[in-house]
Amino acid sequence: MKNQQQYPFKTNEMNIHNVKPKQTAFKFDRENLEIEEWQEQMKNQVDTLEELEKYINVTDEERDAIRNTTAKWGTTPYFASLMDREDPNDPIRKQVVPSKYEKENRYGIENYLIFKENRSGKEDRPDTIARQYRDRIAFTVVNKCGIYCRHCFRKELVVDETLDLHFNVDEGLDWIREHKEIREVLVTGGDPLLLTDDKIEYIIQKLRENPHIEMIRFGSRLPVVLPQRVTSGLKRVLGGYHKVPIWLNTQCNHAKEITELTARAVWDLLTSGVNVGNQAVLMKGINDDEKSFQELHQTLLNIRIRPYYVFYLEPAPGIDHFRTPVEKGAELIRDTIRGHTSGLAQPMYVIATNIGKIPLMPDYYIQEKNEKEYILKNHRGETTTLPNIPQ
Ligand SMILES: *Cc1c(COP(=O)(O)O)cnc(C)c1O
Ligand code: SF4
């Protein structure tokens, strides 16, 4: 098998490539992990009312919203099993089950993705390439996801499917080959880890053939919503020592999403050589209270995921019901993270805009500045001074 020698260690797990998938009931016990269970999970996505009712007691309001929605919705059975059966305000349930508020739109921008990803701009690029920076681009390779997040800002592409883009991966790879100023490629979607191992391997190999590509980053929610995807086959494809490293950012928005299976999947990625970070989305009623926010970041570190970003909810249409005041994220970091818990737990709070990501960290810490000194404030409200050094 190609690249086998690059795999840094041997495990006693079976090599999945030559084994036929077995039809089995879902087992969430990793010891009994069945071959390609993740594909079974995807085939059995929970995306009908009848299926959903096996996991939760659907409320009348939820039932109406499901009947009235034209947008795609659904989740892996695994993630569905983490929902609270009785509580419609359960943080996982709210990310999965459609809401009547999705029909409302006060702050969202129509055709948001075209605007946000500069797809109507001057530079002629394939549909797969979104560009905001000189040295790095987002490369959209698939529009399927493990779950269809109700708060997704790429809704038009993956949830509503009203944006018809043309995903020709080879065309995108050609564009990348010709653009020598690109140092880093963010492979995204949809969820790129839903591609087969072979396709992922192909993309990575093609990217690594370019001398100008210095790193590859994957954006994938699967370590959280479908940790079964981290198979020995995937570890082989993503892993190993290479000059061009692989980073992976996942999305976890609440500590309840983190299970032993996700912890193992992250361990498997890390020990294969893949760095794992998190990009959370700040959402009203899900993680905008102090306890949830702190717990999320502490639990991420407990399972070795480094918090990278917390995003302010983007102005995409139909997601106003998740929107918080802009200051909220900065306040939560001030009141629950900085000084209150490990500095490693601190994400950067940003809004992703059409002109790039912009930090939203107000200067809470600089109380006063004059010609002689700064007066700095800590998390307990105490102050100290620092000399102001002239240029
Ligand atoms: C988010 C994003 C990036 C990566 O930004 P970082 O700050 O490096 O994480 C690159 N390109 C596009 C189009 C993006 O949306
Ligand atoms: S996994 Fe990502 S792209 Fe897919 S629906 Fe959720 S937020 Fe959107």
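Residues numbered from 1 in each chain as written. Chains lettered and ligands numbered in written order. Predicted model: local features only at pLDDT ≥ 70, side-chain atom pairs only at ≥ 80, totals over all residues. Heavy atoms only, no water.

J.: Even after reading the chapter, I still don't get the environment of Q298, so can you show me in this structure?
T.: If you trace the backbone, Q298 turns up in helix α13 (residues 290-302). Under the relative-accessibility criterion, Q298 is labelled partly exposed at 28%. (Helix = DSSP H or I, 4+ residues; strand = E, 2+ residues; numbered from the N terminus. Buried < 20%, exposed > 50% of the residue type's maximum accessible area, 1.4 Å probe, protein only.)

J.: Would you explain the side chain of R221 in this entry?
T.: By secondary structure assignment, the location of R221 is in the loop between β4 (215-219) and α10 (222-225). For R221, a relative accessible area of 7% corresponds to the buried category. Filtering out sequence-adjacent residues up to four positions away, R221 remains in contact with F79, Q95, I147, C149, H151, D191, L226, T250, Q251, C252, N253 and E257. (Contact = heavy atoms within 4.5 Å.)

J.: I would appreciate a short explanation of the site of ligand 2 in the present structure.
T.: Lining the immediate environment of ligand 2, one finds C145, I147, Y148, C149, C152, V158, R221 and Q251. Its residues placed into classes, the shell around ligand 2 shows six nonpolar, one polar and one charged. (Near = heavy atom within 4 Å. Nonpolar A, V, L, I, M, F, W, Y, C, P; charged D, E, K, R; others polar.)

J.: Just to check I follow, could you spell out the nonpolar core for this structure?
T.: Considering soluble globular proteins, one finds that nonpolar side chains tend to be buried as a cluster. The biggest cluster of nonpolar side chains holds 85 residues, and the ones touching the most others in it are F139 and F218. When residues in this core are grouped by element, the largest group, five residues, is from helix α12 (residues 260-272). Setting aside residues no more than four positions away along its own chain, F139 makes contact with T128, I129, V169, G172, L173, I176, V185, L186, V187, T188 and I203. Counting eight residues, the second largest nonpolar core, distinct from the first, contains V281, I286, A316 and I319. (Core = buried A, V, L, I, M, F, W, Y, C linked by side-chain atoms within 4.5 Å.)

J.: How should I be thinking about the confidence of the model for the protein in this particular structure?
T.: As a general rule, the predicted coordinates of low-pLDDT regions are not to be interpreted in detail. Confidence along the protein averages 89 in pLDDT terms, with 88% of residues attaining 70 or more. Confidence drops under pLDDT 50 across residues 1-34; counting only partners more than four residues distant or on other chains, this segment forms 63 contacts. (pLDDT = per-residue confidence, 0-100.)

J.: What is the right way to look at the packing of aromatic side chains in this model?
T.: Aromatic ring pairs are reported here in terms of the distance separating the ring centres and the angle at which the planes meet. Following the criterion strictly, the structure yields three aromatic pairs and no others. With a centroid separation of 6.2 Å and an interplanar angle of 50°, the aromatic rings of Y112 and F115 are classed as tilted. Pair noted here: Y112 and F115 are both in helix α6 (residues 112-116), with a separation of three residues, about one helical turn. Judged by its relative accessible area of 1%, Y112 is buried. Classification of F115 by relative accessible area gives partly exposed; the value is 35%. Look at Y309 and F311: their rings are 5.2 Å apart centre to centre, the planes differ by 55°, and that puts the pair in the tilted class. In this structure Y309 comes out as buried when scored by relative accessible area, which is 13%. For F311, a relative accessible area of 10% corresponds to the buried category. Feature note: the residues Y308, Y309 and F311 constitute an aromatic cluster, connected by ring pairs. (Phe/Tyr/Trp six-rings, centres within 6.5 Å; stacked < 30°, edge-to-face > 60°.)

J.: When you look at the pairing of strand β9 (residues 356-359) in this model, what are you seeing that I'm missing?
T.: Side chains on a regular strand alternate between the two faces of the sheet. Alignment of strand β8 (residues 348-353) against β9, held across four bridges, turns out to be antiparallel. Residue pairing across strands places A352 opposite K357, the latter belonging to β9. (Pairing = 2+ DSSP bridges.)

J.: Explain the site of ligand 1 here, please?
T.: Residues in contact with ligand 1, as listed here, are A130, Q132, Y133, R136, A138, L186, R217, Y308, Y309 and K357. Contact between ligand 1 and R136: an oxygen atom at 2.8 Å from a side-chain N or O atom of the residue. Taking 390 Å² as the accessible area of ligand 1 by itself, protein coverage stands at 87%. Secondary-structure elements contributing two or more residues to the shell around ligand 1 are β2 (136-140) and β7 (306-311). Along the lines of polarity and charge, the residues of the shell around ligand 1 split into six nonpolar, one polar and three charged. (Polar contact = N/O pair within 3.5 Å; in protein donor to acceptor, adjacent residues only side chain to side chain. Areas by Shrake-Rupley, 256 points an atom, 1.4 Å probe, with all protein chains shown as cover.)

J.: Sorry if this is basic, but what is going on with the packing of α13 against helix α14 (residues 327-337) here?
T.: In the contact formed by α13 and α14, the axes pass within 10 Å of each other and the chain directions differ by 70°. As far as their axial angle goes, α14 and α13 are roughly perpendicular. Here E290, F293, Q294 and H297 of α13 lie close against α14, whose contacting residues are G329, L332, I333, D335, T336 and I337. Of the residues that constitute the contact of α13 with α14, the class distribution is four nonpolar, four polar and two charged. (Axes fitted to C-alpha atoms, helices over the stretch in contact; angles between N-to-C directions. Parallel < 35°, antiparallel > 145°, perpendicular 65-115°, else oblique.)

J.: I tried to follow the sheet that holds β2 on my own but got confused; where do I start?
T.: The strand order across the open sheet formed by nine strands is β1-β2-β3-β4-β5-β6-β7-β8-β9, and the pairing between neighbours is mixed. Because the sheet does not close on itself, it has two edges, and the strands there are β1 (129-131) and β9. For this sheet the average axis-to-axis angle between neighbouring strands, irrespective of direction, equals 30°. Pairing geometry for β4 and strand β5 (residues 246-250), over four bridges, is parallel. Bridge pairing in β5 links F218 to L248.

J.: Which parts of the structure should I look at to understand the pattern of salt bridges?
T.: Two side chains that carry opposite charge are able to pair once their charged atoms sit near each other. Summed over the entire model, instances satisfying the criterion amount to 23 salt bridges. Between D197 and R229 there is a salt bridge, and its shortest N-O distance comes to 2.5 Å. Here D197 is found in helix α9 (residues 197-208), whereas its partner R229 is found in the loop between α10 and α11 (232-238), with 32 residues between them in sequence. D197 gets classed as buried once you look at its relative accessible area, which sits at 5%. Residue classification places R229 among the buried residues on the basis of a relative accessible area of 0%. A salt bridge links R236 to E201, with the nearest nitrogen and oxygen atoms 3.2 Å apart. Here E201 lies in helix α9 and R236 lies in helix α11, a separation of 35 residues in the sequence. Given a relative accessible area of 6%, E201 falls into the buried group. (Salt bridge = Lys/Arg side-chain N within 4 Å of Asp/Glu carboxyl O.)

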